[in-house]
Every structure is written in C-alpha cells, then in structure tokens.
Amino acid sequence: MSAISHAAQLLSEGTGLSDEERHLLAIIQRNSLRIEETVRSVLTLSRKRQSLPQRVDLGEWSLAFAAEFRERHRLNDADLTVSVASAPLVIRADPDHLHQIIANLCDNALVHGRGPNGELNIRIQLGRLHLPERIYLEVCDSGPGISPELVQSIFEPFFTTQRQGVGLGLYIARELAIANGIQLSHLTQPQGACFCLTFGQDLILS
Ligand SMILES: Nc1ncnc2c1ncn2[C@@H]1O[C@H](COP(=O)(O)OP(=O)(O)OP(=O)(O)O)[C@@H](O)[C@H]1O
Ligand SMILES: [Mg+2]
C-alpha cells in the first residue's frame, strides 16, 4: 500500500496533468491510505498479545491519560475533563490495553461526538458502585449520540457511519476489554454518547 500511495504521490508531482487525472490520483491516494489504516488495525488485532495485568490506580492513570490525549490532539482542559467520584480506585489490568481502549473511545468522541458548532465536551468519569462491588470508568460526550437502531451494530467489525471510517475502533476496544475481564458497554443517555467500562470485584485491588 505504501508503494502504491508513494507512486501516486510521485505522479501527482509531475507537470502537465489534467484536472481529471489529478482527481483520479487523489482518489488512489485517499483510498490507499484508508486501506493502509484498515490493515494496520487488523494487524493490531491479530498481534494482540495476551493481557499482562498490573496494578493500576485508575484515578491517577486517567489524569495522566487525559493530559497526554489533550497534548496529542491540541485540546483545551475543558475539551476533555476527568472527574473521580471516590478514591482509591485501584484495579488490575494491562495498562497498554487500557490505553488503547480509552484512546479508541476518546478518538470516537473527537470524530463523532462534537456539538453542533464543532465544540468538544468529552468527560471521563470514574467511581465505585456497591452490591455488587464494581468500579466504573465512563467516556461520555455531548455530540449527536447514537440512534437506537444503530446501537446493536456499533461493536461489529467494519461497522461505520463515517465515509473515511474503518469501523474497527469499538470492535478492538471490546476485544481488548474482554481479554482483561472488563465489561465494555454503551449506555443510553438523553444526550450524547456514553461508553462504560466496568471492573468487577475480581479486578478490584482497593
Ligand atoms: N461517541 C460517538 N458518538 C456518536 N457515534 C459514535 C460514537 N462512537 C462510535 N459511534 C458510532 O459507532 C460507529 C463505529 O465506531 P468505530 O469506532 O468502531 O468505527 P469508526 O469510528 O467509524 O472507524 P474507526 O475504525 O476509524 O474507529 C461509528 O461509525 C459511529 O457511527
Ligand atoms: Mg472509531
């Protein structure tokens, strides 16, 4: 795929191309990038190594994740907030897997979860529930949300509503969650989209 997009790039740098030829070259470049992205995602899944659980303080971890995510996407503090309802929230999970799960959810909020004027309001909310004892981590946004007829399809591989989408983000997130014994579900909300990770008693350390 790299060779194809590179060749198309070289061709497009040539002179004497008609508008039609430039348009066709742009299609080749756009679609080879898209296929490259799909292949990369599938490779991530097939290379998915076994989970290596470690002690993770979810409160601290989420603050560090949010700082890094804001920096990577040049976001303001208000675009992505973290609220921790109780402490300590210490669980056992593979931190790299956890990172990929939350990054996929936050990437989705960036792409699909903007308000009508493009504004962002991504909220990572953590807390603990009792009977049965469990810790939750939610990623919510204030975008258009997910219509009820699509909800049962969003975790399917290659399901996407976006022209440039691959449709593997939520599928990979759920596969990684399962590998760590974590539940990942979509929560129906009056406004926006909300995804919840639930860590059961067997994963809670304190
Ligand atoms: N926060 C969100 N708000 C609204 N719709 C969402 C949100 N997150 C996911 N979706 C819906 O679920 C679909 C599947 O999401 P998924 O992450 O699997 O694929 P994608 O984002 O389209 O592509 P990619 O493979 O690049 O992640 C999206 O196309 C979108 O319709
Ligand atoms: Mg996605």
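Nothing here was measured: the structure is a model prediction, and the numbers come from that model. (Residues numbered from 1 in each chain as written. Chains lettered and ligands numbered in written order. Predicted model: local features only at pLDDT ≥ 70, side-chain atom pairs only at ≥ 80, totals over all residues.)

Undergrad: Mind laying out the overall build of the protein chain, listing which residues take part and the relevant values?
TA: Across its full length, the protein chain holds six helices and seven strands. N-terminal to C-terminal, the α/β element order of the protein chain is α-α-β-α-β-β-α-β-β-α-α-β-β. Dimensions of the protein chain, computed from the C-alpha atoms along their principal axes, are close to 70 × 40 × 35 Å. Across the 206 residues that make up the protein chain, the buried fraction comes to 25%. By sequence separation, contacts in the protein chain at least 24 residues apart represent 70% of the contacts at least 6 residues apart. (Helix = DSSP H or I, 4+ residues; strand = E, 2+ residues; numbered from the N terminus. Buried ≥ 20, exposed ≤ 12 C-beta atoms within 10 Å, placed from the backbone. Contact = placed C-beta atoms within 7 Å.)

Undergrad: I'd like to hear about the pairing of strand E5 (residues 134–140), residue by residue, with values.
TA: Bridging between strand E4 (residues 122–129) and E5 involves seven bridges; their strand directions are antiparallel. In the strand pairing of E5, Leu129 is matched with Arg134. Hairpin remark: E4 followed by E5, antiparallel, with four residues in the connecting loop; positive phi at Leu131, about 50°. Strand direction decides the pairing type here: E5 and strand E7 (residues 194–199), joined by six bridges, are antiparallel. If you follow Tyr136 over to E7, its bridge partner there is Thr198. (Pairing = 2+ DSSP bridges.)

Undergrad: If you had to explain the site of ligand 1 to someone new, which residues and values would you point to?
TA: Lining the immediate surroundings of ligand 1 are 22 residues, of which Asn108, Thr160, Gly165, Val166 and Gly169 lie closest. The set of elements that each furnish at least two residues to the shell around ligand 1 consists of helix H4 (95–112) and helix H6 (169–179). The class makeup of the residues in the shell around ligand 1 is ten nonpolar, eleven polar and one charged. (Near = placed C-beta within 6 Å. Nonpolar A, V, L, I, M, F, W, Y, C, P; charged D, E, K, R; others polar.)

Undergrad: Quick rundown of the sheet that holds E5? Include the residues and the values.
TA: Spatially, five strands are ordered E2-E4-E5-E7-E6 in an open sheet, and the strand pairing comes out mixed. Pairing within the sheet leaves two strands with one partner each, and these edge strands are strand E2 (80–84) and strand E6 (183–187). Taking each pair of neighbouring strands and ignoring which way they run, the sheet shows an average axis angle of 20°. As paired strands, E6 and E7 are joined by five bridges and run antiparallel to one another. Along E7, the bridge assignment pairs Gln183 with Thr198. Sitting on the sheet, helix H3 (residues 58–73) is in contact with E2, E4 and E5, with an inclination near 175° to E2. (Axes fitted to C-alpha atoms, helices over the stretch in contact; angles between N-to-C directions.)

Undergrad: Lay out the packing of H3 against H4 with the relevant residues and their values.
TA: H4 packs onto H3 with a crossing angle of 45° between their chain directions and a minimal axis gap of 12 Å. As far as their axial angle goes, H4 and H3 are oblique. Between H3 and H4 lies a crossing whose hand is right-handed. Together, Phe65, Phe69 and His73 of H3 and His99, Ile102, Ala103, Cys106 and Leu110 of H4 make up the contact between the two elements. Residues that form the contact of H3 with H4 fall into these classes: six nonpolar, two polar and no charged. (Parallel < 35°, antiparallel > 145°, perpendicular 65-115°, else oblique. Left-handed = near helix turned anticlockwise from the far one by under 90°.)

Undergrad: Quick rundown of the environment of Phe158? Include the residues and the values.
TA: With respect to the helices, strands and loops of the structure, Phe158 is situated in the loop between helix H5 (148–151) and H6. Among the residues examined, Phe158 registers 12 C-beta atoms within 10 Å and is labelled exposed. In sequence terms Phe158 and Tyr171 are 13 residues apart; their C-alpha atoms lie 8.3 Å from each other. In contact with Phe158, not counting residues within four places along its chain, are Gly167 and Leu168.

Undergrad: I'd love a proper account of the domain arrangement of the protein chain, names of residues and values included.
TA: Each domain of the protein chain was delimited in the assignment, giving domain 1 (2–46) and domain 2 (54–203). Between the C-alpha centres of domain 1 and domain 2 the distance comes to 32 Å. Listed by partner, the interface residues are six residues for domain 1 and five residues for domain 2. Taken together, the residues of the side of domain 1 that touches domain 2 break down into one nonpolar, three polar and two charged. (Domains from an automatic or database assignment.)

Undergrad: An account of H3 is needed here, citing residue identities and associated values.
TA: In a regular helix each residue adds 1.5 Å, so 16 residues correspond to 22 Å; H3 covers 22 Å between its end C-alpha atoms and thus fits that length. Taken together, the buried positions of H3 are occupied by Leu58, Trp61, Ser62, Phe65, Ala66 and Phe69. Buried residues of H3, seen end-on, are gathered within an arc of 135° and therefore sit on one face of the element. Exposed residues lying more than 90 degrees from the buried face of H3 are Glu68 and Glu71. Lining the buried residues of H3 we find strand E1 (54–57), E2, strand E3 (90–93), H4, E4 and E5. (Expected span 1.5 Å × (residues − 1). Arc of directions from axis to C-beta.)

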